[in-house]
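Chain by chain, the residues run as shown.
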Amino acid sequence: MLLQGKTIVVTGGNSGIGESIVLAAAAEGANVVIDYVAHQDETTALIAKVESVGGRAVGVKADVSRPADLAGMIQKAVDSYGRLDVLINNAGIETRSSLLDTTEADFDKVLAVNLKSAFFATQIAAKQFISQGGGGLIMNISSVHEDWPMPGNIAYCVSKGGMRMLTRTAGVELGNHDIRVVNVAPGAVATPINASTVDDHEKMKALEAAIPLQRMAQPSDIADVVVFLASGGARYMTATTVVVDGGIMQGSVGL
Ligand SMILES: NC(=O)c1ccc[n+]([C@@H]2O[C@H](COP(=O)([O-])OP(=O)(O)OC[C@H]3O[C@@H](n4cnc5c(N)ncnc54)[C@H](O)[C@@H]3O)[C@@H](O)[C@H]2O)c1
(Lines give C-alpha, C1' and ligand atoms only; values in the text may rest on other atoms or scores of the structure.)
Protein backbone atom coordinates (compact mmCIF):
# COMPACT_ATOMS: atom_id res chain seq x y z
CA MET A 1 0.00 0.00 0.00
CA LEU A 2 1.28 3.43 -0.99
CA LEU A 3 0.52 5.33 2.24
CA GLN A 4 0.77 2.59 4.88
CA GLY A 5 0.83 4.08 8.40
CA LYS A 6 1.09 7.71 7.26
CA THR A 7 -1.06 10.26 9.09
CA ILE A 8 -2.95 12.53 6.71
CA VAL A 9 -5.14 15.50 7.60
CA VAL A 10 -7.73 16.53 5.00
CA THR A 11 -9.51 19.87 5.50
CA GLY A 12 -13.10 20.00 4.28
CA GLY A 13 -12.81 16.22 4.20
CA ASN A 14 -16.49 15.28 4.44
CA SER A 15 -17.59 16.37 0.96
CA GLY A 16 -16.62 16.33 -2.72
CA ILE A 17 -12.90 16.10 -3.51
CA GLY A 18 -11.97 15.95 0.19
CA GLU A 19 -14.20 12.95 0.81
CA SER A 20 -12.70 11.16 -2.17
CA ILE A 21 -9.17 11.91 -0.89
CA VAL A 22 -10.14 10.49 2.53
CA LEU A 23 -11.38 7.23 0.97
CA ALA A 24 -8.43 6.88 -1.42
CA ALA A 25 -5.83 7.60 1.28
CA ALA A 26 -7.46 5.20 3.76
CA ALA A 27 -7.58 2.50 1.07
CA GLU A 28 -3.80 2.93 0.71
CA GLY A 29 -3.27 2.38 4.44
CA ALA A 30 -3.19 5.97 5.74
CA ASN A 31 -4.54 7.08 9.13
CA VAL A 32 -6.88 9.90 8.14
CA VAL A 33 -7.99 12.95 10.12
CA ILE A 34 -11.16 14.38 8.59
CA ASP A 35 -11.63 18.08 9.25
CA TYR A 36 -15.17 19.42 8.92
CA VAL A 37 -16.98 22.62 9.78
CA ALA A 38 -20.54 21.39 9.23
CA HIS A 39 -22.45 18.10 8.73
CA GLN A 40 -21.03 16.05 11.58
CA ASP A 41 -23.43 13.26 10.54
CA GLU A 42 -21.74 13.00 7.13
CA THR A 43 -18.35 12.86 8.83
CA THR A 44 -19.54 10.08 11.13
CA ALA A 45 -20.89 8.13 8.14
CA LEU A 46 -17.60 8.60 6.27
CA ILE A 47 -15.58 7.33 9.26
CA ALA A 48 -17.85 4.26 9.39
CA LYS A 49 -17.27 3.70 5.65
CA VAL A 50 -13.48 3.87 6.11
CA GLU A 51 -13.62 1.52 9.09
CA SER A 52 -15.89 -0.95 7.28
CA VAL A 53 -13.05 -1.70 4.87
CA GLY A 54 -10.41 -1.91 7.61
CA GLY A 55 -9.17 1.70 7.44
CA ARG A 56 -8.57 4.21 10.23
CA ALA A 57 -10.09 7.69 10.47
CA VAL A 58 -11.13 10.25 13.06
CA GLY A 59 -13.06 13.49 12.69
CA VAL A 60 -12.18 16.94 14.02
CA LYS A 61 -14.35 20.03 13.88
CA ALA A 62 -12.27 23.02 12.82
CA ASP A 63 -13.12 26.20 10.93
CA VAL A 64 -10.06 26.54 8.72
CA SER A 65 -10.32 30.33 8.66
CA ARG A 66 -9.35 30.35 12.36
CA PRO A 67 -5.70 29.62 13.10
CA ALA A 68 -6.56 28.44 16.64
CA ASP A 69 -8.87 25.80 15.13
CA LEU A 70 -6.10 24.77 12.73
CA ALA A 71 -3.70 24.25 15.64
CA GLY A 72 -6.33 22.05 17.35
CA MET A 73 -6.75 20.07 14.12
CA ILE A 74 -3.03 19.31 13.81
CA GLN A 75 -2.87 18.43 17.53
CA LYS A 76 -5.76 15.99 17.01
CA ALA A 77 -3.67 14.20 14.36
CA VAL A 78 -0.68 13.94 16.69
CA ASP A 79 -2.82 12.85 19.65
CA SER A 80 -4.66 10.24 17.56
CA TYR A 81 -1.82 8.74 15.54
CA GLY A 82 1.45 9.94 17.10
CA ARG A 83 2.66 12.19 14.29
CA LEU A 84 1.68 14.17 11.18
CA ASP A 85 2.93 13.16 7.74
CA VAL A 86 0.70 14.95 5.22
CA LEU A 87 -1.53 18.02 5.43
CA ILE A 88 -4.01 18.55 2.62
CA ASN A 89 -5.50 22.05 2.47
CA ASN A 90 -8.65 21.21 0.54
CA ALA A 91 -11.46 23.27 2.13
CA GLY A 92 -12.67 26.03 -0.16
CA ILE A 93 -15.60 28.25 -1.09
CA GLU A 94 -16.53 30.63 -3.86
CA THR A 95 -18.99 33.50 -4.22
CA ARG A 96 -19.25 33.82 -8.01
CA SER A 97 -19.20 37.62 -8.13
CA SER A 98 -17.40 40.08 -10.38
CA LEU A 99 -14.90 42.75 -9.39
CA LEU A 100 -17.61 45.40 -9.51
CA ASP A 101 -20.05 43.40 -7.38
CA THR A 102 -17.84 41.75 -4.75
CA THR A 103 -18.51 43.08 -1.24
CA GLU A 104 -15.82 43.47 1.40
CA ALA A 105 -17.50 40.72 3.45
CA ASP A 106 -17.47 38.29 0.50
CA PHE A 107 -13.85 39.08 -0.31
CA ASP A 108 -12.74 38.61 3.30
CA LYS A 109 -14.64 35.32 3.63
CA VAL A 110 -13.27 33.76 0.45
CA LEU A 111 -9.72 34.84 1.21
CA ALA A 112 -9.99 33.62 4.81
CA VAL A 113 -11.35 30.16 3.95
CA ASN A 114 -9.24 29.55 0.84
CA LEU A 115 -5.93 31.31 1.46
CA LYS A 116 -5.42 32.50 5.05
CA SER A 117 -6.35 28.96 6.10
CA ALA A 118 -3.73 27.37 3.85
CA PHE A 119 -1.09 29.87 4.99
CA PHE A 120 -1.53 29.24 8.71
CA ALA A 121 -2.16 25.52 8.37
CA THR A 122 1.10 25.33 6.40
CA GLN A 123 2.92 27.26 9.13
CA ILE A 124 1.53 25.07 11.93
CA ALA A 125 2.16 21.82 10.05
CA ALA A 126 5.71 22.88 9.14
CA LYS A 127 6.48 23.55 12.82
CA GLN A 128 5.12 20.11 13.69
CA PHE A 129 7.21 18.45 10.95
CA ILE A 130 10.35 20.22 12.15
CA SER A 131 9.79 19.35 15.81
CA GLN A 132 9.03 15.67 15.14
CA GLY A 133 11.75 15.31 12.44
CA GLY A 134 11.71 13.33 9.20
CA GLY A 135 10.22 15.91 6.84
CA GLY A 136 6.63 16.04 5.62
CA LEU A 137 4.28 17.10 2.87
CA ILE A 138 1.79 19.92 2.50
CA MET A 139 -0.59 19.72 -0.44
CA ASN A 140 -2.88 22.55 -1.45
CA ILE A 141 -5.93 21.87 -3.59
CA SER A 142 -5.85 25.06 -5.63
CA SER A 143 -7.53 25.23 -9.05
CA VAL A 144 -6.79 25.92 -12.68
CA HIS A 145 -7.86 29.39 -11.55
CA GLU A 146 -4.60 29.80 -9.67
CA ASP A 147 -3.41 30.86 -13.12
CA TRP A 148 -6.44 31.20 -15.38
CA PRO A 149 -8.80 34.17 -14.98
CA MET A 150 -12.47 33.35 -14.38
CA PRO A 151 -14.52 36.48 -14.95
CA GLY A 152 -17.34 36.64 -12.40
CA ASN A 153 -15.43 34.71 -9.73
CA ILE A 154 -12.64 37.11 -8.95
CA ALA A 155 -12.18 36.66 -5.19
CA TYR A 156 -11.86 32.90 -5.78
CA CYS A 157 -9.22 33.50 -8.49
CA VAL A 158 -7.31 35.88 -6.22
CA SER A 159 -7.33 33.30 -3.41
CA LYS A 160 -6.12 30.49 -5.66
CA GLY A 161 -3.47 32.74 -7.22
CA GLY A 162 -2.25 33.46 -3.70
CA MET A 163 -2.15 29.74 -3.00
CA ARG A 164 0.07 29.30 -6.06
CA MET A 165 2.66 31.69 -4.61
CA LEU A 166 2.24 30.29 -1.09
CA THR A 167 3.23 26.87 -2.42
CA ARG A 168 6.21 28.15 -4.34
CA THR A 169 7.60 30.30 -1.54
CA ALA A 170 6.89 27.85 1.28
CA GLY A 171 8.34 25.03 -0.82
CA VAL A 172 11.57 26.98 -1.26
CA GLU A 173 11.72 28.04 2.40
CA LEU A 174 11.05 24.55 3.75
CA GLY A 175 13.08 22.41 1.35
CA ASN A 176 16.06 22.18 3.70
CA HIS A 177 13.77 20.55 6.28
CA ASP A 178 12.76 17.92 3.70
CA ILE A 179 9.25 19.36 3.72
CA ARG A 180 7.59 19.32 0.31
CA VAL A 181 4.81 21.74 -0.69
CA VAL A 182 2.76 20.97 -3.79
CA ASN A 183 -0.42 22.32 -5.39
CA VAL A 184 -2.96 20.16 -7.16
CA ALA A 185 -4.98 22.27 -9.60
CA PRO A 186 -8.22 20.59 -10.68
CA GLY A 187 -10.28 21.74 -13.64
CA ALA A 188 -14.04 21.23 -13.42
CA VAL A 189 -15.04 18.49 -10.96
CA ALA A 190 -18.54 17.15 -10.25
CA THR A 191 -18.95 18.16 -6.59
CA PRO A 192 -21.43 20.22 -4.54
CA ILE A 193 -19.44 23.43 -5.21
CA ASN A 194 -20.46 23.03 -8.89
CA ALA A 195 -24.08 22.01 -8.30
CA SER A 196 -25.46 24.85 -10.43
CA THR A 197 -23.53 23.54 -13.45
CA VAL A 198 -24.00 19.82 -12.81
CA ASP A 199 -27.77 20.29 -12.49
CA ASP A 200 -28.04 22.32 -15.72
CA HIS A 201 -28.03 20.10 -18.84
CA GLU A 202 -27.16 22.92 -21.28
CA LYS A 203 -24.30 24.22 -19.12
CA MET A 204 -22.93 20.70 -18.78
CA LYS A 205 -23.03 20.14 -22.54
CA ALA A 206 -21.11 23.37 -23.18
CA LEU A 207 -18.60 22.59 -20.45
CA GLU A 208 -17.89 19.05 -21.61
CA ALA A 209 -17.51 20.21 -25.21
CA ALA A 210 -14.75 22.58 -24.03
CA ILE A 211 -12.80 19.85 -22.24
CA PRO A 212 -10.41 17.87 -24.48
CA LEU A 213 -11.19 14.67 -22.51
CA GLN A 214 -14.90 15.46 -23.07
CA ARG A 215 -16.09 15.03 -19.49
CA MET A 216 -16.11 16.75 -16.15
CA ALA A 217 -13.76 15.15 -13.63
CA GLN A 218 -15.05 12.90 -10.89
CA PRO A 219 -13.59 13.54 -7.40
CA SER A 220 -11.64 10.27 -7.65
CA ASP A 221 -9.78 11.62 -10.72
CA ILE A 222 -8.26 14.20 -8.37
CA ALA A 223 -7.87 11.92 -5.34
CA ASP A 224 -5.81 9.38 -7.30
CA VAL A 225 -3.29 12.10 -8.18
CA VAL A 226 -3.22 13.27 -4.55
CA VAL A 227 -2.38 9.73 -3.43
CA PHE A 228 0.49 9.53 -5.91
CA LEU A 229 1.84 12.92 -4.77
CA ALA A 230 1.73 11.74 -1.14
CA SER A 231 3.61 8.56 -2.02
CA GLY A 232 7.33 7.95 -2.27
CA GLY A 233 7.15 8.15 -6.07
CA ALA A 234 6.73 11.95 -5.85
CA ARG A 235 9.61 12.47 -3.39
CA TYR A 236 11.47 14.95 -5.67
CA MET A 237 8.46 17.20 -6.39
CA THR A 238 8.07 20.46 -4.51
CA ALA A 239 7.23 24.17 -4.93
CA THR A 240 5.14 23.45 -8.01
CA THR A 241 1.63 22.72 -9.27
CA VAL A 242 0.24 19.55 -10.81
CA VAL A 243 -2.67 20.40 -13.10
CA VAL A 244 -5.48 17.80 -13.34
CA ASP A 245 -7.92 19.36 -15.78
CA GLY A 246 -8.65 17.02 -18.69
CA GLY A 247 -6.75 19.52 -20.86
CA ILE A 248 -9.24 22.37 -20.36
CA MET A 249 -6.58 25.05 -19.89
CA GLN A 250 -5.19 24.27 -23.35
CA GLY A 251 -8.63 24.43 -25.00
CA SER A 252 -9.75 27.47 -26.99
CA VAL A 253 -13.10 28.03 -25.27
CA GLY A 254 -12.97 30.17 -22.11
CA LEU A 255 -15.54 29.26 -19.43
N1 LIG B 1 -15.19 21.17 -7.89
C2 LIG B 1 -14.37 21.80 -8.71
O3 LIG B 1 -14.65 21.94 -9.92
C4 LIG B 1 -13.07 22.35 -8.23
C5 LIG B 1 -12.14 22.78 -9.17
C6 LIG B 1 -10.93 23.30 -8.76
C7 LIG B 1 -10.65 23.39 -7.41
N8 LIG B 1 -11.56 22.96 -6.49
C9 LIG B 1 -11.22 23.09 -5.09
O10 LIG B 1 -11.34 21.85 -4.46
C11 LIG B 1 -11.59 22.05 -3.06
C12 LIG B 1 -12.75 21.16 -2.62
O13 LIG B 1 -13.93 21.60 -3.26
P14 LIG B 1 -15.10 20.62 -3.71
O15 LIG B 1 -15.26 20.80 -5.17
O16 LIG B 1 -14.89 19.27 -3.18
O17 LIG B 1 -16.38 21.34 -3.04
P18 LIG B 1 -17.23 20.98 -1.75
O19 LIG B 1 -18.12 22.14 -1.56
O20 LIG B 1 -17.82 19.63 -1.89
O21 LIG B 1 -16.13 20.91 -0.60
C22 LIG B 1 -15.65 22.03 0.09
C23 LIG B 1 -15.41 21.63 1.52
O24 LIG B 1 -14.85 22.74 2.24
C25 LIG B 1 -15.52 22.80 3.49
N26 LIG B 1 -15.40 24.13 4.09
C27 LIG B 1 -15.95 25.30 3.66
N28 LIG B 1 -15.66 26.28 4.54
C29 LIG B 1 -14.93 25.72 5.54
C30 LIG B 1 -14.35 26.21 6.73
N31 LIG B 1 -14.46 27.50 7.08
N32 LIG B 1 -13.68 25.35 7.51
C33 LIG B 1 -13.56 24.03 7.18
N34 LIG B 1 -14.09 23.51 6.07
C35 LIG B 1 -14.77 24.35 5.26
C36 LIG B 1 -16.96 22.41 3.18
O37 LIG B 1 -17.68 22.08 4.35
C38 LIG B 1 -16.71 21.22 2.27
O39 LIG B 1 -16.46 20.06 3.02
C40 LIG B 1 -11.86 23.55 -2.91
O41 LIG B 1 -10.72 24.20 -2.40
C42 LIG B 1 -12.15 24.01 -4.31
O43 LIG B 1 -11.82 25.36 -4.53
C44 LIG B 1 -12.78 22.44 -6.87
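As annotated in an unreviewed UniProt entry, the protein chain carries the name Glucose 1-dehydrogenase and comes from Mycolicibacterium hodleri. Per UniProt, the comment on the protein chain under Sequence similarities (unreviewed entry) is "Belongs to the short-chain dehydrogenases/reductases (SDR) family."

Colleague: Whenever I open this one, the overall build of the protein chain confuses me. Can you help?
Modeller: Within the protein chain, the secondary structure is distributed over 8 helices and 7 strands. In terms of overall dimensions, the protein chain is globule-like: its C-alpha atoms have a radius of gyration of 17 Å, near the 18 Å expected for 255 residues. For the protein chain, the spread of C-alpha atoms along the principal axes amounts to about 50 × 40 × 35 Å. Here the protein chain holds 255 residues, and the buried ones make up 50% of them.

Colleague: Looking at this structure, I do not really get the nonpolar core. What am I missing?
Modeller: Nonpolar side chains in soluble globular proteins generally cluster together in the buried interior. Grouped together as the largest cluster of nonpolar side chains are 34 residues, with contacts concentrated most on Val-32, Ile-88 and Met-139. Each residue touching Met-139, except ones within four places of it in the same chain, is listed here: Leu-87, Ile-88, Asn-89, Val-182, Val-184, Val-226, Leu-229 and Ala-230. Counting residues in each nonpolar core, the second largest holds 32 residues, with Ala-62, Leu-70, Val-110 and Val-113 among its members.

Colleague: What should I look at first to understand the packing of aromatic side chains in this one?
Modeller: Given two aromatic rings, their pairing is described by the distance between the two centres and the angle made by the two planes. Scanning all chains against the criterion turns up 1 aromatic pair. Aromatic pair Phe-119 and Phe-120: ring centres 5.0 Å apart, planes at 70 degrees, arrangement edge-to-face.

Colleague: Explain the pairing of strand 5 (residues 136–141) to me, please; I cannot follow it from the model alone.
Modeller: Remark: a regular strand shows side chains that alternate across the two faces of the sheet. Burial analysis of strand 5 places 6 of its 6 residues in the buried class, which makes it a mostly covered element. Across the two faces of strand 5 the burial is the same, with Gly-136, Ile-138 and Asn-140 and Leu-137, Met-139 and Ile-141 all buried. Sheet topology note: the strand 4 (residues 86–89)/strand 5 ladder contains 4 bridges and is parallel. By the bridge assignment, Leu-87 is partnered in strand 5 with Ile-138. At this point the chain moves from strand 4, through helix 4 (residues 104–132), to the parallel strand 5, and the crossover so formed is right-handed. Relative to strand 6 (residues 179–186), strand 5 is paired through 6 bridges, and the arrangement is parallel. Residue pairing in the sheet places Met-139 in a bridge with Val-182 of strand 6. Following the chain from strand 5 across helix 5 (residues 154–174) to the adjacent parallel strand 6, one finds a crossover that is right-handed.

Colleague: What is the right way to look at the sheet that holds strand 2 (residues 31–36) in this model?
Modeller: In a beta sheet, neighbouring strands are held together by backbone hydrogen bonds and run either parallel or antiparallel to one another. Strand order in this open sheet of 7 strands is 3-2-1-4-5-6-7, and the pairing throughout is parallel. Looking at strand neighbours, the two that pair on one side only are strand 3 (56–61) and strand 7 (240–244), the edges of this open sheet. Ignoring which end each strand starts from, the neighbouring axes of this sheet average 20 degrees apart. In terms of strand pairing, strand 1 (residues 7–10) meets strand 4 through 3 bridges, oriented parallel.

Colleague: Would you mind showing me how to read helix 5 here?
Modeller: Residues separated by three or four positions in an α-helix point in the same direction, a consequence of the helix having 3.6 residues per turn. For helix 5, with 21 residues, the first-to-last C-alpha span of 30 Å sits near the 30 Å given by 1.5 Å per residue. Listed as buried for helix 5 are Ala-155, Tyr-156, Cys-157, Ser-159, Lys-160, Met-163, Leu-166, Thr-167, Arg-168, Ala-170, Gly-171 and Leu-174. Buried residues belonging to helix 5 abut strand 4, helix 4, strand 5, strand 6 and strand 7.

Conventions and cut-offs
- Residues numbered from 1 in each chain as written.
- Predicted model: local features only at pLDDT ≥ 70, side-chain atom pairs only at ≥ 80, totals over all residues.
- Heavy atoms only, no water.
- UniProt positions renumbered as here; feature names shortened; annotations may be inferred.
- Helix = DSSP H or I, 4+ residues; strand = E, 2+ residues; numbered from the N terminus.
- Rg over C-alpha atoms; globule rule 2.2 N^0.38 Å.
- Buried < 20%, exposed > 50% of the residue type's maximum accessible area, 1.4 Å probe, protein only.
- Core = buried A, V, L, I, M, F, W, Y, C linked by side-chain atoms within 4.5 Å.
- Contact = heavy atoms within 4.5 Å.
- Phe/Tyr/Trp six-rings, centres within 6.5 Å; stacked < 30°, edge-to-face > 60°.
- Pairing = 2+ DSSP bridges.
- Right-handed = clockwise from strand over helix to strand, strands pointing away.
- Axes fitted to C-alpha atoms, helices over the stretch in contact; angles between N-to-C directions.
- Expected span 1.5 Å × (residues − 1).

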